[in-house]
Amino acid sequence: MPTPILVLNCGSSSIKYQVIDVDDESRLATGLVQKIGLVDSSLEHTVDGISHRIDRMVADHQQALELIVSAFGMYGPPLADVVAVGHRAVHGGEAFRQPVQIDAGVIDKLRELSPLAPLHNPPGIAGIEAAMADLPDVPHVAVFDTAFFSTLPAEAYTYAIDADIAKEYSIRKYGFHGTSHKYVSERVAELLERPYDEVDQIVCHLGNGASISAIRGGVAVDTSMGLTPLQGLVMGTRSGDVDPGLHAYLAREAGMSVAEIDRLLNNRSGISGLTGGTSDFRDLADRIAAGDVAAKLAYDVYIHRLVSYIGSYLAILGGIDAITFTAGVGENDDAVRESVCDRLAPLGFLLDDEANKVRSKEPRRISQPDSPIQILVVPTNEELAMARETQKVISA
Ligand code: AMP
């Protein structure tokens, strides 16, 4: 008997989903509803390698969920077989350090946490409520992006600001992409054939959003995202670290409102901000090859920031066994991996240039045999990780 789990990832205008059989970890269906709330919304539902598309206006997450349910009805697999639903919950705050079965109290708590993740938690809650209405007979589990980083020591998560204000407003570093960092770091230990709690490692999750983590013996001790997913590395459209004085300066000198500054740093910054609209690394590479100076600077800023974080985490951990690249850029862009490792070669990162250039969907080692630090590429699989976490909760 298979054990299918439906995994849902609700964004503000999209819902991504998969049904995964956690027994053999096979993917039984994948799908995506896009442009929720717009006239040209659509659903794509893929089963057995065949994609089905439905173009239909869906006004909100509830209608999107209804469309997903009808797609399962038309094309399978039967939703009646699903034993649980796992929901991606971006911000668990200090309340949730582990995945949790969702009840009314959990939803209330998620609502309370919404100010900490105004772009992410409200659509997540809308998706949870819609899914619970459509699939009322199975357990629903929230899997938190922040949970893996609940182990950060106080010295890493504390911002050096007025302690009373920090306490009153729950201001601290939380970290995000935790499901990915946990999954990838566990895979690294498997690949190295060593116990997870004996491996000291750095994981670079480089996608459209990007973050890096320092993990000592399976315990996260630092990460680059903070109170919000804006801190840290340069990203597709997000700035990452800037001088905190920038906000006051822009308000004073440019007369910008809080909302405008928020939009600037989240949507009009990063690689896109520096290049005037290019955020995809494939396009960036084309522009660099064509001699585009702004694109080259954006790339250099990206690498500089990444290298300085790796150096910092190397110091915090006092040496590492492995560094791993994952997510869209980390898995696919050999030039980024090469630029980073070339800069870090004097610290023991010896890249095998041939292995680095091989394109593959498999986890792989890309360091030279005698490299003091193992360099790996491990494709992330947040959906599988969420399905596993969901199963753990329902079988506990
Ligand atoms: P993610 O958020 O993990 O889905 O990553 C998306 C990003 O990965 C895209 O915006 C691209 O910048 C990058 N990406 C995807 N495929 C490639 C590729 N083949 N080469 C370089 N970058 C890629």
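Now for a quick tour of the structure. Every value quoted in this text rests on a predicted model; they were computed, and no experiment measured them.

### Brief notes about the site of the ligand
Close to the ligand lie Gly207, Asn208, Ser279, Asp280, Phe281, Arg282, Ala327, Gly328, Val329, Asn332, Asp333 and Arg359. Contact between the ligand and Gly328: an oxygen atom at 2.9 Å from a main-chain N or O atom of the residue. Backbone polar atom of Val329 to an oxygen atom of the ligand: 3.4 Å apart, as the coordinates give it. Elements represented by at least two residues in the shell around the ligand include exactly helix H10 (281–289) and helix H12 (327–332).

### Concerning the sheet that holds strand S11 (residues 219–223)
The mixed open sheet is built from 6 strands, whose spatial order is S11-S10-S9-S12-S14-S13. Of all strands in the sheet, those with a lone pairing partner are S11 and strand S13 (364–365), marking the two edges. Where strand S12 (residues 322–326) meets strand S14 (residues 374–377), 4 bridges bridge the pair, whose relative direction is parallel. Across the sheet, Ala322 pairs through a bridge with Gln374, a residue of S14.

### What about the pattern of salt bridges?
Throughout the structure, instances matching the rule amount to 18 salt bridges. With its nearest N and O atoms 3.4 Å apart, the salt bridge here joins Arg194 to Asp321. Placement of Arg194 in the loop between helix H6 (178–192) and strand S9 (200–206) and of Asp321 in the loop between helix H11 (293–317) and S12 is noted, with a sequence separation of 127 residues between them. For Arg194, a relative accessible area of 33% corresponds to the partly exposed category. Lys296 is the salt-bridge partner of Asp300, the closest N and O atoms lying 2.9 Å from each other. Residue Asp300 and its partner Lys296 are located together in helix H11, separated by 4 residues, close to a single helical turn. With a relative accessible area of 32%, Asp300 lands in the partly exposed category. One network of salt bridges, in which partners are shared, links Lys182, Glu186, Glu389 and Lys392.

### Structural notes on the side chain of His45
Residue position: His45 is located in strand S4 (residues 42–47). Among the polar contacts listed, one links the side chain of His45 to the side chain of Tyr17, at a separation of 2.7 Å. A polar side-chain atom of His45 sits 2.9 Å from the main-chain carbonyl oxygen of Gly76. Setting aside chain neighbours within four positions, we find His45 in contact with Tyr17, Ala29, Thr30, Gly31, Ile50, Ser51, His52, Ala71, Phe72, Tyr75 and Gly76.

### Observations regarding the environment of Ala142
With respect to the helices and strands, Ala142 occurs in strand S8 (residues 140–144). C-alpha separation for the pair Ala142 and Ala71, spaced 71 residues apart in sequence, amounts to 23 Å. Excluding residues within four positions of it along the chain, Ala142 makes contact with His87, Ala89, Pro99, Val100 and Ile102.

### Quick word on the packing of aromatic side chains
A complete count under the given rule lists 5 aromatic pairs for this structure. For the pair Tyr17 and Phe72, a centre-to-centre distance of 5.5 Å together with 50° between the ring planes defines the contact as tilted. Placement of Tyr17 in strand S2 (residues 15–21) and of Phe72 in helix H1 (residues 61–75) is noted, with a sequence separation of 55 residues between them. Looking at Tyr17, the relative accessible area reads 2%, which means it is buried. Residue placement shows Arg172 over the ring face of Tyr157; its charged tip is 3.7 Å from the ring centre.

### Describing the sheet that holds strand S5 (residues 50–55)
The sheet built from 8 strands is open, its strands ordered S5-S4-S3-S2-S1-S6-S8-S7 with mixed pairing. The two strands at the open ends of the sheet, each matched to only one other strand, are S5 and strand S7 (100–101).

### A few points about the pairing of S4
Within a regular strand, the side chains alternate between the two sheet faces. Both strand S3 (residues 26–34) and S4 contribute to a ladder of 5 bridges, which runs antiparallel. Paired with Gln34 across the bridge in S4 is Ser42. Of the strand pairs in this sheet, S4 and S5 are connected by 6 bridges, and their pairing is antiparallel. Note that in S5 the partner of Glu44 across the bridge is Arg53. As consecutive antiparallel partners, S4 and S5 are separated by 2 residues, and within that stretch Asp48 has a phi angle of approximately 50°, a positive value.

### Quick notes on the nonpolar core
Grouped together as the largest cluster of nonpolar side chains are 42 residues, with contacts concentrated most on Leu206, Tyr302 and Ile310. Contributing elements (two or more residues each) for this core: S9, strand S10 (210–216), H10, H11, S12, helix H13 (334–344) and S14. Of all the elements, H11 adds the most residues to this core, at 12 residues. Apart from residues lying up to four places away in sequence, Leu206 is in contact with Leu233, Tyr302, Leu306, Phe325, Thr326, Ala327, Gly328, Val329, Gly330 and Val336. Phe148, Val199, Ile215 and Met386 belong to the second largest nonpolar core, which has 27 residues in total.

Parameters and conventions
Residues numbered from 1 in each chain as written. Predicted model: local features only at pLDDT ≥ 70, side-chain atom pairs only at ≥ 80, totals over all residues. Heavy atoms only, no water. Near = heavy atom within 4 Å. Polar contact = N/O pair within 3.5 Å; in protein donor to acceptor, adjacent residues only side chain to side chain. Helix = DSSP H or I, 4+ residues; strand = E, 2+ residues; numbered from the N terminus. Pairing = 2+ DSSP bridges. Salt bridge = Lys/Arg side-chain N within 4 Å of Asp/Glu carboxyl O. Buried < 20%, exposed > 50% of the residue type's maximum accessible area, 1.4 Å probe, protein only. Contact = heavy atoms within 4.5 Å. Phe/Tyr/Trp six-rings, centres within 6.5 Å; stacked < 30°, edge-to-face > 60°. Lys NZ or Arg CZ within 6 Å of the ring centre and 35° of its normal. Core = buried A, V, L, I, M, F, W, Y, C linked by side-chain atoms within 4.5 Å.

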